[in-house]
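Chain by chain, the residues run as shown.
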Amino acid sequence: METLKFKTNIKCGGCIAAVTPALNSLAGVKDWQVDVASLEKVLTIQSDETLSEQAIISALKEKGYQAESI
């Protein structure tokens, strides 16, 4: 199991609802959460080793959100 972290512009429950289908459909994602209370809006993803950071960034970009690996 691998933990990936990203700084995002996901700010609220509505944003989370918008990205949920995209993140849940990625092969290798086991669990994920967004800390909307932090200034950096950190997305933490538990995944297997087959999931790339670029796949996550691309999935969020398709939904109109930004992510930067931290």
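Let us look at the structure shown here. (Residues numbered from 1 in each chain as written. Predicted model: local features only at pLDDT ≥ 70, side-chain atom pairs only at ≥ 80, totals over all residues. Heavy atoms only, no water.)

What follows deals with the environment of Glu-62. Assignment of secondary structure puts Glu-62 in helix 2 (residues 53-62). Classification of Glu-62 by relative accessible area gives exposed; the value is 71%. Each C-alpha atom of the pair Glu-62 and Val-19 lies 9.3 Å from the other, and the pair is 43 residues apart in sequence. (Helix = DSSP H or I, 4+ residues; strand = E, 2+ residues; numbered from the N terminus. Buried < 20%, exposed > 50% of the residue type's maximum accessible area, 1.4 Å probe, protein only.)

The next thing to look at is helix 2. Every buried residue of helix 2 is accounted for by Ile-56, Ala-59 and Leu-60. The buried residues of helix 2 occupy an angular sector of 95° when the element is viewed end-on, so they sit on one face. When the buried face of helix 2 is taken as reference, the exposed residues oriented beyond 90 degrees from it are Gln-54, Lys-61 and Glu-62. (Arc of directions from axis to C-beta.)

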